[in-house]
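Single-letter residue listing:
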Amino acid sequence: MAETDARPVESDSGEQPLEADRLRDLLLAPGYLKILAFSAVVGVPVSLVAFWFLAGLHQLEHLVWADLPHELGWDAPPWWWPLPLLPIAGVVVGLVAARLPGGGGQVPASGLHAGGAAPITLPGVLIAATASLPLGAVLGPEAPLIALGGGLALLFRNLTRGPATPRTTALLGAAGAAAAIAAIFGNPLIAAVLLMEVAGAGGPQLFAVMLPALLSSGVGALVFTGFGHWTGLETGSLSLQLPMPFPRLDAGDVLWTIPLAVAVAVFLHPVLAVARRVAALVAKGVVGRTTLCAAAAAACAALYALITGRTPTDVALSGQATLGELAADPHAWGVGALVAVLLFKGAAYALCLGSLRGGLVFPALFLGAAAGVLLAPLPGLGLIPGLAGGMAAATAATLRLPVSSVVLVALLLGGTAMMPVVILAAVIAFVTTELLPRHASSG
């Protein structure tokens, strides 16, 4: 067999090399293999830092919302419990945003960003997330973790005196972010897919970016999982324990998924629009308005608990733990409680997205699951298909990343039996969201 010419091959027009040759040129570019090796190494410290960060957040949350109420004689936090906590978070985040480099990280209302944070911004990111998440912010830990992972990768690059070029900054930032994403979502695959969609790259350039990210996330997930087993500490889990086996999908499940996805997207559209307006409002008076928005989110949780007689943690916090409870025992939630949690948690979510620091994913998953359970009694729609479709629709509508939403929900469910419903819901919700009018933030 004749040897293949390794030189770039031009097209018939004599202009562009073949994709395979472009990829080969990228992989053989000076320093790329060193970046790839460094990505494997950097996944280890990033995953260890992510582990202790998540474990610390989990322990603080348990202390504030379980241990302390129990010590004071309550089986669950009383209805007023969020009222003093979230304003404290607002004051701390407002001060960080006003006085520390980087403002404590990206405002979550602006969406999910995969770029590495500058190392100088990391203290502010850690302080803002630690103040927001355990004290009841309706946000998840993924955005601070992405900033932390990317920033640590760049910090290690600087400590080892590696070349600080735009290319190495982008690749190592993506690698560190991927290792952190793999830690929170429990799987390197979702890290790779999520970064692929967030980066919006394609062709050989996509492979060049994704190889360091995939390698770093794989190594990081291995270290993270092993370290968790060794220490016995909990960081939270995304796997759901469903109350029944996966049913066989029928025409009713598929047909009902379409209006379900549209309804979820239409419900979340004003939530996200309000979040952007809150972010613009807060930017004009950081400390005072951040505190006011956090207090309003606390009032949402308190009113929900006062009206329904349930715990305020249904509305406060990210919803990760409550999502597991909802999936395991959906019949424990009446129609009134489901409607109330959608309204009050949706409002608190919008307020926290625009003012505090955290991620979009976990509350969106919970809101989608609650909507799916609420609509599951519709004739022909099953409980688990409704749950799966609701989560996929809410994630796609919030993140505007349909492929990542499908992969995330499939991993969350622990199987592919619901994949047709999940894909349909994600696509319908994404298209619906894109067709709805965009609301520009005020200011």
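Everything below is about the structure printed above this text.
None of these values were measured; they are calculated from a predicted model.

K.L.:
Describe the packing of aromatic side chains, naming the residues involved and giving the relevant values.
P.N.:
Under the counting rule described, the total for this entry stands at six aromatic pairs. Look at Trp 74 and Trp 80: their rings are 5.6 Å apart centre to centre, the planes differ by 80 degrees, and that puts the pair in the edge-to-face class. Judged by relative accessible area, which is 31%, Trp 74 ranks as partly exposed. Given the relative accessible area of 32%, Trp 80 is considered partly exposed. Every member of this aromatic cluster is reached through a ring pair, and the members are Trp 74, Trp 80 and Trp 81. Its guanidinium or amino end placed over the ring of Trp 333, Arg 310 lies 3.9 Å from that ring's centre, counting from NZ or CZ.

K.L.:
So what's going on with the environment of Leu 139? Residues and values would help.
P.N.:
Take Leu 139: it is sitting in the loop between α4 (122–132) and α5 (142–159). Since its relative accessible area comes to 1%, Leu 139 is described here as buried. C-alpha separation for the pair Leu 139 and Pro 363, spaced 224 residues apart in sequence, amounts to 6.1 Å.

K.L.:
Kindly report on the pattern of salt bridges, identifying the contributing residues and their values.
P.N.:
Following the criterion strictly, the structure yields two salt bridges and no others. One salt bridge connects Glu 434 with Arg 400, and the closest N-O pair in it is separated by 3.0 Å. Of the two residues, Glu 434 sits in helix α16 (residues 419–435) while Arg 400 sits in the loop between α14 (383–399) and α15 (402–413), which places them 34 residues apart along the sequence.

K.L.:
If you had to explain a nonpolar patch on the surface to someone new, which residues and values would you point to?
P.N.:
There is a patch of nonpolar side chains on the surface, built from Leu 68, Leu 72, Trp 74, Trp 79, Trp 80, Leu 83, Leu 303, Leu 306 and Ile 307 and spanning about 840 Å² of accessible area. Along the chain, Leu 83 falls in helix α3 (residues 82–99).

What counts and what doesn't
Residues numbered from 1 in each chain as written. Predicted model: local features only at pLDDT ≥ 70, side-chain atom pairs only at ≥ 80, totals over all residues. Heavy atoms only, no water. Phe/Tyr/Trp six-rings, centres within 6.5 Å; stacked < 30°, edge-to-face > 60°. Buried < 20%, exposed > 50% of the residue type's maximum accessible area, 1.4 Å probe, protein only. Lys NZ or Arg CZ within 6 Å of the ring centre and 35° of its normal. Helix = DSSP H or I, 4+ residues; strand = E, 2+ residues; numbered from the N terminus. Salt bridge = Lys/Arg side-chain N within 4 Å of Asp/Glu carboxyl O. Patch = residues over 30% accessible without salt bridge, like charges linked within 9 Å, V, L, I, M, F, W, Y side chains within 5 Å. Areas by Shrake-Rupley, 256 points an atom, 1.4 Å probe, with all protein chains shown as cover.

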